[in-house]
Structures are given as C-alpha cells and as structure tokens.
Protein chains: 4
Amino acid sequence: MLKGFNYPLTPKGKSTLNPPPPWHYSADFLSIEFWSDAAAVAAVLPAGLDSDRSANGHANALFYDWQFSGSNEEYLDPARYQYREFFILVDALLEGRPVAYCPYIFVDNDAAIGRGWSQGYPKRLGQVFQTRYYAATGKAGPALAPGAKFAGSLTSSGQRLAEGLVTLQEPVKDMSVLQQRPIVNLLHTPRLAAGKQDKPAVHELVENVPRDVKIAQPWIGEGSLTLPVCRGEEVSDLAPVRCGRGIRASLAYIVDDLKTLRDLR
Amino acid sequence: MLKGFNYPLTPKGKSTLNPPPPWHYSADFLSIEFWSDAAAVAAVLPAGLDSDRSANGHANALFYDWQFSGSNEEYLDPARYQYREFFILVDALLEGRPVAYCPYIFVDNDAAIGRGWSQGYPKRLGQVFQTRYYAATGKAGPALAPGAKFAGSLTSSGQRLAEGLVTLQEPVKDMSVLQQRPIVNLLHTPRLAAGKQDKPAVHELVENVPRDVKIAQPWIGEGSLTLPVCRGEEVSDLAPVRCGRGIRASLAYIVDDLKTLRDLR
Amino acid sequence: MLKGFNYPLTPKGKSTLNPPPPWHYSADFLSIEFWSDAAAVAAVLPAGLDSDRSANGHANALFYDWQFSGSNEEYLDPARYQYREFFILVDALLEGRPVAYCPYIFVDNDAAIGRGWSQGYPKRLGQVFQTRYYAATGKAGPALAPGAKFAGSLTSSGQRLAEGLVTLQEPVKDMSVLQQRPIVNLLHTPRLAAGKQDKPAVHELVENVPRDVKIAQPWIGEGSLTLPVCRGEEVSDLAPVRCGRGIRASLAYIVDDLKTLRDLR
Amino acid sequence: MLKGFNYPLTPKGKSTLNPPPPWHYSADFLSIEFWSDAAAVAAVLPAGLDSDRSANGHANALFYDWQFSGSNEEYLDPARYQYREFFILVDALLEGRPVAYCPYIFVDNDAAIGRGWSQGYPKRLGQVFQTRYYAATGKAGPALAPGAKFAGSLTSSGQRLAEGLVTLQEPVKDMSVLQQRPIVNLLHTPRLAAGKQDKPAVHELVENVPRDVKIAQPWIGEGSLTLPVCRGEEVSDLAPVRCGRGIRASLAYIVDDLKTLRDLR
C-alpha cells in the first residue's frame with residue numbers, strides 16, 4: 001500500500017509533499033483592506049457565489065510568513081516547510097450569506113501548493129517578502145509602535161505583481177476587527193482526456209474550516225496597496241480604487257477538514 | 001464564465017498556470033539506465049501494476065531541460081514556461097503488458113507541476129541541472145564526440161537527491177534503442193474533508209499519450225547514477241545496484257490527451 | 001598556505017568560488033542594438049572614458065546562457081558553474097579609441113559574481129532567461145530560420161528590469177558585424193574603514209582580454225528592447241530611443257588576463 | 001561623478017548593491033558551540049593568526065535571519081535587503097589576543113555578499129533556513145520555553161552543507177555567556193592580470209567593529225551540529241568532534257567601520 005496525502009505516494013510515506021492532517025500553522029501577517037471596482041470583483045466570482053453589492057468592491061490583500069507542521073515536528077525541517085504567501089480575498093455572497101473568495105494566491109513552496117490545491121486555493125509560485133519585526137530593534141526594522149511601517153511585495157514569473165504597506169497606529173483593542181468572513185473557494189481538478197477538457201474531475205464550492213485560531217500582537221493602522229499592470233497577468237484588474245485599514249499581527253491555527261457546499265459540475 | 005485549465009480560473013484566462021492543450025514541448029535530455037533491487041521497484045508500484053520479473057529491477061533516470069508552449073508562442077516568456085526536470089521510470093506490467101511507471105519526479109516550475117499533476121506525474125519542486133552542449137565548443141563543455149561527458153544533478157528541499165553522468169560513445173544508429181515503454185501513472189487527487197481523507201477524489205491508473213514525437217542528435221554510451229540517502233526522503237530506496245547505457249539527445253512532442261485505464265477507488 | 005582565487009581561501013582550495021584562470025566559457029546569446037539618449041550614456045561613464053559623440057547613444061543589450069569551466073571539467077558540476085547573464089554595453093572613447101563600457105550586469109550565480117568583480121563587471125544577482133533553440137524542434141521553440149523569434153528577460157530584487165526580442169532574418173555572412181569594441185570596465189573595491197569610505201582600495205580603468213574567441217551559428221535580424229522604470233533602480237535611464245539589429249549565436253572564449261589602463265585614485 | 005558603495009556605480013547611486021554606511025542590522029539567530037579537530041582549525045587560519053591551543057578546536061556555528069537597512073528605510077524593500085546567513089567562527093590568537101576567524105559563510109542575497117566582502121567575510125551564496133518563533137504559537141513552532149527546539153540548515157550549489165539544532169533550557173541570566181571574541185577576517189581582493197594572479201590587490205587582516213550591539217530574548221540550552229562530507233567542498237573538514245551549548249536570541253547592531261590590523265602582502 002502506497003502512503004502519502006499529496007503526491008508522491010510511496011511505500012513509507014516520507015517523500016510525500018505533505019503529512020496527513022491535522023496541519024498546524026503559525027505566521028506573522030500583514031492585512032490591507034481595499035476597494036476594487038465592483039464589476040472587477042464580480043467578474044472573478046465562480047458560479048454559486050454572488051456579488052455583495054453592499055460591499056462595493058471590498059477586498060483584503062494579505063502577506064504571510066508561515067511555518068507549517070504536521071504531527072512530527074516538521075517545523076524542524078524549515079527548508080521544506082517554511083514558506084511565504086500573498087493572497088487576495090474578495091467579499092461575496094453565498095445564498096445571501098457574507099463570505100470571502102480567493103481569486104489569486106502565491107506561495108514560494110511546493111508543499112504549500114499541494115495543501116492549497118486540496119483546499120481550493122488557486123496557488124501559483126511567487127517570491128513573497130514582508131518586513132520583519134525583531135525583539136532586538138534598531139534602525140533595521142520597525143518597532144511595534146505608532147508610525148511603524150511594514151512593507152510587503154510579491155513577484156511571480158519575474159514580474160512584480162503586488163506591493164503593500166501597513167503603517168501602525170495602535171494595538172487592536174476591539175478584537176472583532178480581526179474577524180474574517182468564512183472563506184469559500186473553488187475546488188478544481190481539471191481533466192486532460194481529449195473530449196473531457198471542459199469536464200473537470202472536481203469542480204466544487206468548498207468552505208474552509210480552520211480551527212483553534214489564535215491571534216497575538218495585533219496592531220491596526222493604515223494600509224496601502226498597488227497591483228501593477230503586468231504582461232500575461234490579470235491580478236491588476238482588481239487594482240485598488242481606494243485603500244482602508246492595515247493590520248499587522250501573528251496568527252496560529254489548525255486545518256483538518258474541508259466542507260463541500262455544492263458540486264458545480 | 002471563468003477561464004483556465006489549471007488554477008487560477010479567471011475572467012480572461014491569462015493568469016492560469018497553463019493554457020489549454022495542445023501542449024508543445026522541446027528538450028535536451030540525458031537518460032541513464034539502471035537496475036535497482038527488484039523488491040524496491042515492486043514496492044513503489046500502485047495497485048493495478050505488477051512487477052516485471054524479467055526486468056529484474058530495471059529502470060531509467062532522466063534529466064530534461066524543457067521549453068514549453070501552448071498555441072500562442074508561450075516560449076517567448078521563458079521565465080514562465082522554461083523548466084528543468086528529473087524523473088525515474090521503473091519497468092512494470094499492466095495485465096501482462098510492459099509499461100513504465102513514474103514514482104518520483106521533480107521540476108523547477110509551477111506550470112510544470114500543474115501539467116504534471118494533470119497527467120499523473122507526482123511532481124515536487126527541485127533544482128535540476130544538466131551539462132549543456134553548445135554549437136561553439138571549447139573546454140567549457142563537451143562536444144558531441146566519443147568520450148564526451150554530460151552530468152546531471154537534482155536537489156530538493158535543500159538535499160542532493162540524485163547525480164548522473166553520461167559518457168558518449170557513438171551516435172545512435174538503431175533508433176529502436178530510443179523506444180520507451182508506454183508510461184502508466186497514478187492520477188491522484190486527495191480529499192481533505194474529515195472522514196474522507198482516505199477516499200481520494202481521483203485515484204486512477206492512466207496512460208500518457210504523447211504524439212508527434214521527434215528525436216534529434218541522439219548519442220549513446222555509458223551511464224552512471226547515484227541516489228544518496230537523505231533525511232525525510234525515500235528515493236534512495238531505488239539506488240542502483242548497477243548501471244547500464246546512457247543516452248543524450250534532443251526531443252520534441254505534443255500532449256493533448258490522457259487515457260484512463262482503470263478507476264482504483 | 002590557503003588556496004583559492006576568489007573567496008573563500010581554504011587549505012585545499014576546493015571551496016573557493018572559482019578555480020584559478022584560465023577560465024573557459026561557452027554560451028548561446030542574444031544581442032540587441034539600441035540607442036539611448038546620448039546624455040544618459042554620458043552620465044554612466046567613469047572618469048577616464050569620454051562620450052563617443054558619433055555613436056549618438058549607441059549601446060547593446062546582451063542575454064547569455066553560460067557554461068563555465070576551469071581546467072578540471074567544472075562543467076560536470078552544472079549546479080555550481082552554469083549561469084545566465086544580462087548586461088548592457090555602451091559606446092565610449094578611451095583617449096579617442098572606440099571602446100565599450102558595462103554600466104549594468106546581472107547573473108544568477110555567485111561564482112559568476114566573483115569572476116565578474118575581478119574583471120570590473122559590476123554584477124548583481126538577477127533571474128535571466130532566454131528562449132532556447134533545440135535540435136528537435138516543434139511549436140515549443142523557434143527554428144534557426146527567417147522569422148524565428150527569441151525572447152529574453154531580466155528580473156532583479158523582484159522587479160522586471162529588461163525584456164528583449166530578436167527576430168531572425170538570415171545567417172550572418174559578413175562576420176565583421178559580430179565584432180565588438182574592446183570592453184573597458186571600472187575595477188572597483190571599496191574601503192569600509194571610517195574616514196576612507198571615499199578612498200577605494202582599487203579604482204582602475206581595465207581592459208578585458210578575451211582570447212580564442214569562437215562564434216558559431218550566427219543569425220542576424222531585428223532587435224527590440226524595453227527597460228521599464230522600476231523603484232530603486234536606474235537602468236531605465238538608458239531606455240531605448242530606438243532599436244536596431246538583433247543577433248543570435250553561440251560563443252566560446254577563454255579569460256586569463258586583465259589589463260590595467262589607468263589608476264583612477 | 002558616479003555614486004555607490006559597492007558595484008554598480010551609477011549617476012544617482014540608486015542601483016548600487018548597498019547604500020553607504022552606517023549599516024543597520026537586526027536578526028534572530030541560533031548559535032551552536034562545537035569542537036573540531038584542532039589541526040583542522042589550525043589549517044584554515046590565514047597568516048598572522050595563530051592556533052589557540054587552549055581552545056582545543058573550539059568554534060561556533062551561527063544561523064541568522066537578517067533584516068538590513070541603510071539610512072533610508074531600506075527595510076521597506078524586503079525583497080532586496082532581507083537575507084539569511086550561516087557562518088562558522090573558529091577560535092584563534094592574534095599576537096596572543098583571543099579572537100575569532102570566519103573561514104566559511106553563506107548568504108542568500110547579493111547585497112549581503114557585497115557588504116561581506118567589504119568586511120573580509122568570504123561569502124558564497126547558500127539557502128539558509130532556521131525555525132521561527134511566532135508570538136502566536138501552536139504545534140507549528142516552538143515556544144520560548146524549556147525543551148523547545150529550533151533547527152537550522154544550509155545548502156549551497158545544491159548540497160546540504162550544515163544542519164544544526166538548539167534545544168532551549170532557560171533564559172540567559174548571565175549575559176557574559178553571550179560575549180563573543182572580536183572577529184578578525186582576511187580581507188582579500190584578487191588580481192586577474194596575468195603574472196599577478198598570486199599578488200592580490202588587497203590581502204589584509206582586518207578587525208570588525210560592530211557598535212550599538214543589542215541582544216533580546218536570549219535563551220540557552222544544548223546545541224548539535226553536523227557538517228556532512230560533500231563533493232567539491234571542504235567545510236566538512238571542520239566537522240564537530242563534540243558539541244556544546246546552544247543559544248537562541250535576537251540581535252541588533254550597526255556597522256560603519258573596519259580596522260586594518262596588518263597588510264599581509
């Protein structure tokens with residue numbers, strides 16, 4: 001019997017991209033609120049999701065510095081399981097319920113691509129960086145203090161696709177500002193067989209089910225984001241009309257489930 | 001309607017990892033014949049494939065320097081569509097028919113991961129290099145001549161997983177030595193939903209259907225291969241007991257189909 | 001006694017970035033002729049070099065896919081010694097003699113940085129790609145034929161700094177079109193000691209002395225180049241006013257000398 | 001007048017690898033004490049440094065996750081100025097004075113190579129990772145607590161050159177355990193000119209002069225380190241005979257000077 005969650009499946013299950021769930025995550029992140037043209041947001045939604053008119057193009061851009069682990073201290077192999085991520089979440093409605101949908105996401109690690117595609121995150125490879133905070137500060141980085149600045153950037157296939165900046169104002173007091181809408185993704189596995197290339201093997205609306213979410217050191221302030229026009233890319237169609245608040249915090253959670261909402265085939 | 005073959009699916013279909021088939025490929029490659037312990041080969045085979053006892057552990061290791069294109073001159077964006085690959089093919093039987101199965105494969109590009117997973121190739125990211133031949137030669141590289149040497153190497157997650165060497169003897173005269181067994185893969189898409197993690201969404205034996213295969217400049221000689229023992233990896237379980245011939249050539253073909261042989265669920 | 005040419009110097013001389021000269025090189029390259037604003041070219045020249053008014057801002061942009069070797073078959077370690085390069089050469093005069101000067105150059109390999117800095121090439125890291133030609137052709141790449149297209153791109157620190165295209169017209173018949181001006185560089189080693197930071201340890205005009213130059217498969221046609229404006233970069237100050245011919249060829253040569261023309265301190 | 005500290009020197013000084021000093025640094029680091037064969041340590045020392053017999057092969061291996069800045073918030077371009085580093089410091093004597101010497105060092109960034117070579121650090125490119133600590137903890141990473149484990153790894157040119165582990169025992173109470181010997185390096189710039197390749201342009205013993213050193217969150221415990229034998233590399237000649245304490249902490253300092261101790265030419 002071959003073992004492994006994602007490819008490859010092998011006799012001992014050591015070579016697999018990912019150990020079986022539960023999957024444990026910790027990260028530092030930047031979150032930048034912005035408003036795109038509402039029609040551009042509507043255009044990225046899959047069947048089954050509707051525009052949230054009251055949201056008026058509202059979205060969030062997120063930069064994450066992640067550490068991943070299965071149940072066997074995988075975080076002690078950081079070359080294999082540490083990674084960086086950028087993604088966009090746009091507001092939408094699922095049968096009238098407010099949700100968020102991820103049209104674009106980039107990571108610098110193949111295990112993260114494997115887990116992502118298993119959750120409906122449409123990951124591509126990218127080079128993602130964000131300014132770090134260190135316990136020992138000086139002029140090489142920001143303190144956690146009013147006016148401190150944290151920047152993020154994304155490059156994929158050699159082009160700079162996103163740049164963001166968060167300027168801190170104060171620690172988050174009202175934790176409700178950190179609440180996110182539930183994330184609903186398009187789980188999609190194509191078929192290469194001739195004659196079936198428009199009949200995907202999997203094509204479902206799915207809801208992410210993170211658990212044991214912890215947030216630490218949250219600060220809030222102002223955000224800014226640019227999504228430059230690039231050749232062969234369309235992320236820039238969501239370019240901000242205006243930006244809103246910015247958040248910088250640490251996060252931990254566990255993933256070991258996914259809920260299918262609807263088969264779209 | 002969202003467009004794209006692999007993730008992401010977007011309004012214009014420009015951001016997708018891969019354009020729709022047909023997919024066009026050209027490459028220079030090294031092929032190294034070797035024999036593993038027959039039990040180690042048997043252990044990597046999925047249900048539906050049997051050991052080829054007469055093969056006695058026979059396998060091939062391949063290093064490819066690829067260029068990919070869809071139908072719109074994608075080769076003019078080499079940062080996105082050029083890539084390098086290492087893989088292993090082991091001899092097996094499908095209901096008595098000689099085939100080859102790919103237990104391990106590594107590429108340095110996400111579009112190649114996407115296409116690979118659509119064909120049952122269990123790709124992970126790796127850094128792959130092979131010695132190049134140039135029309136203008138000197139001591140910086142081999143000529144296409146007896147005694148010329150071409151080396152290949154694979155690193156993944158920071159560990160050197162394979163090293164190979166081909167020493168040329170003569171141009172291939174009998175083109176039948178270049179014939180490969182049909183490649184039969186395990187097409188696998190896992191399910192993350194709790195309670196279904198051992199019930200994959202897709203779990204099929206599939207046969208690759210390359211067409212319009214062209215080979216140019218083939219040379220044959222001796223091959224050598226090492227698959228070092230590495231932490232958290234099991235490729236080394238297929239380490240060569242002995243090595244056989246080595247080939248260096250150029251190749252082109254087209255992929256636009258995949259044949260499902262058997263649903264294994 | 002410690003051994004090595006570039007850092008590190010070690011007991012056996014194996015860990016050094018580069019073996020001692022002679023250094024052997026082979027490559028495929030694209031060369032794109034262009035004209036910048038003449039004042040922008042004048043502005044990048046070091047002391048000792050004068051504007052070549054008759055050149056009127058003339059320059060060349062070059063994409064190289066290199067293989068390097070010392071005297072011990074280093075090309076059999078392609079992960080360490082293969083690399084890709086982009087650079088610009090602008091026309092200038094040295095005491096009235098036509099020469100070319102390299103203001104910008106990018107490679108994807110540290111050994112290449114080491115050799116470059118020893119020759120006055122101001123190398124930074126970049127990701128460089130160019131379309132490849134394979135002996136086995138199809139739609140995945142160009143043939144060597146009229147109308148065939150080869151593209152190149154450069155990314156550094158996450159920003160796309162250059163894109164080029166060569167469209168072939170015919171094989172080069174008159175080899176004199178391949179002749180380059182001698183390359184004169186600024187050899188520069190800074191001093192970090194307080195009070196000496198404006199007194200470099202080395203600051204010389206040097207002339208490169210390649211030998212045994214061979215060119216193969218040269219084709220000529222049209223070139224085009226863009227140098228986009230990027231944050232924190234000034235390569236774009238040399239953006240083409242117009243472009244001229246494009247060349248695609250293979251090259252080999254040897255480097256084992258450098259000629260100091262003038263100490264600029 | 002061309003501007004820039006390291007290459008390239010340009011009209012505006014924006015493209016240079018590094019802004020002029022002062023250079024500001026912050027990092028998280030792992031430090032692992034070990035003892036090599038004393039003869040192996042003696043063999044890596046340059047002229048002017050003597051073996052410290054009482055040290056008996058004592059050395060430290062260090063993994064750093066750095067953020068760098070000049071005076072203009074360069075930390076807001078993390079794709080360009082954030083980097084990771086591994087290095088070894090061996091005990092030595094300078095005219096009887098206890099110092100440390102750096103025979104091997106690897107970073108993943110070109111600006112860091114440039115600054116390093118200006119300080120006598122013999123940097124090569126490598127891929128370096130260390131386990132991270134996050135304010136929001138779970139099973140994806142260690143807490144700052146007794147028994148917590150932090151791992152580090154180094155890969156260069158595709159080979160795994162070092163692996164380390166620090167297991168925390170307690171916060172550092174006696175800050176004197178964090179004191180390092182002054183670092184004395186070999187500042188070396190080779191000459192490529194024929195006939196002068198054994199007459200470097202610069203060949204000096206230099207002493208690093210960090211200032212405003214701050215340390216935060218220091219924990220002490222046990223360290224372990226392996227330096228595997230690799231092809232074409234000699235770091236493994238310093239492989240530990242035994243290991244000692246391990247430290248995990250954050251650090252910040254400023255560099256704007258370098259002291260030449262002795263010209264070795």
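Rules used throughout
Throughout this document, residue positions are counted from 1 along each chain, in the order its sequence is written. The naming scheme follows written order: chains are lettered A onward, ligands numbered 1 onward. Restriction of local features to residues with pLDDT of at least 70 applies here, the model being predicted, together with a cutoff of 80 or more for giving and counting side-chain atom pairs; totals for whole chains, interfaces and linings are based on all residues. Working from all heavy atoms in the structure, the side-chain values ignore hydrogens and water. Helix numbering and strand numbering both begin at the N terminus, where a helix is a DSSP run of H or I of at least 4 residues and a strand a DSSP run of E of at least 2. Each pair of aromatic rings taken from Phe, Tyr and Trp, with Trp reduced to its six-membered ring, is defined by centres within 6.5 Å and is described as stacked if the planes are under 30 degrees apart, edge-to-face if over 60, and tilted in the remaining cases. Between buried and exposed lies partly exposed: a residue is buried under 20% and exposed over 50% of the maximum accessible area for its type, with that area taken using a 1.4 Å probe on protein chains only. As a reminder, the over-ring test applies to NZ of lysine and CZ of arginine, requiring each to be within 6 Å of the ring centre and within 35 degrees of the ring normal. Residues count as neighbours in contact if any of their non-hydrogen atoms are within 4.5 Å of one another. Note on definitions: buried area is the accessible-area loss of two parts on being combined, 1.4 Å probe, summed for both. Counted as salt bridges are all cases of a side-chain nitrogen of Lys or Arg within 4 Å of a carboxyl oxygen of Asp or Glu. What qualifies as a polar contact is a pair of N or O atoms within 3.5 Å, subject to a donor-acceptor requirement within protein and to the restriction that residues adjacent in sequence count only when both atoms come from side chains. For this scheme, ten residues count as nonpolar: Ala, Val, Leu, Ile, Met, Phe, Trp, Tyr, Cys and Pro. Four count as charged, namely Asp, Glu, Lys and Arg, and the remainder, Gly too, count as polar. In superposing the copies, a least-squares fit is computed on C-alpha atoms, taking residues whose pLDDT is at least 70 in both.

*Asks:* I'd like a description of unusual backbone geometry, backed by residues and values.
*Replies:* With omega at 10°, the peptide bond leading from Pro 21 of chain B into Pro 22 of chain B counts as cis. The topology assignment puts Pro 22 of chain B in the segment before strand S1 (23-35). Phi at Asp 212 of chain D takes a positive value of approximately 55°, unusual for a residue other than glycine. Relative to the helices and strands, Asp 212 of chain D resides in strand S12 (residues 211-226).

*Asks:* Before we move on, can you summarise the packing of aromatic side chains with the specific residues and values?
*Replies:* All names here are of chain B. Tallying each qualifying case throughout the model produces 58 aromatic pairs over all chains. Measuring from centroid to centroid gives 5.2 Å for Phe 5 and Trp 23, while their planes differ by 90°, and the two rings are edge-to-face. Here Phe 5, found in the segment before S1, pairs with Trp 23, found in strand S1; they are 18 residues apart in sequence, far enough to count as distant. According to the relative accessible area criterion, Phe 5 is buried, its value standing at 5%. Trp 23 gets classed as buried once you look at its relative accessible area, which sits at 0%. Directly above the aromatic system of Phe 68 lies the positively charged group of Arg 115, at a separation of 3.6 Å from the ring centroid.

*Asks:* Talk me through the interface of chain B and chain C; I want residue IDs and the actual numbers.
*Replies:* Chain B puts 42 residues into the contact, and the matching count from chain C is 42 residues. Summed over the three residues of chain B that lose the most area to chain C, namely Arg 132, Tyr 134 and Ala 140 of chain B, the buried surface amounts to 19% of that side. For the pair chain B and chain C, the interface holds six salt bridges. Between Lys 149 of chain B and Glu 73 of chain C there is a salt bridge, with the nearest N and O atoms lying 3.1 Å from each other. The interface formed by chain B and chain C contains 22 residue pairs in polar contact (both at pLDDT 80 or more). Of the residues belonging to the side of chain B that touches chain C, the class tally is 20 nonpolar, 13 polar and nine charged.

*Asks:* Please set out the relation of the copies chain B and chain C residue by residue, giving values where relevant.
*Replies:* Of the transformation superimposing chain B on chain C, the axial component is 0.0 Å and the angular component is 180°, with the fit at an RMSD of 0.0 Å. Expressed as an axis order, the relation between the two copies is that of a two-fold axis.

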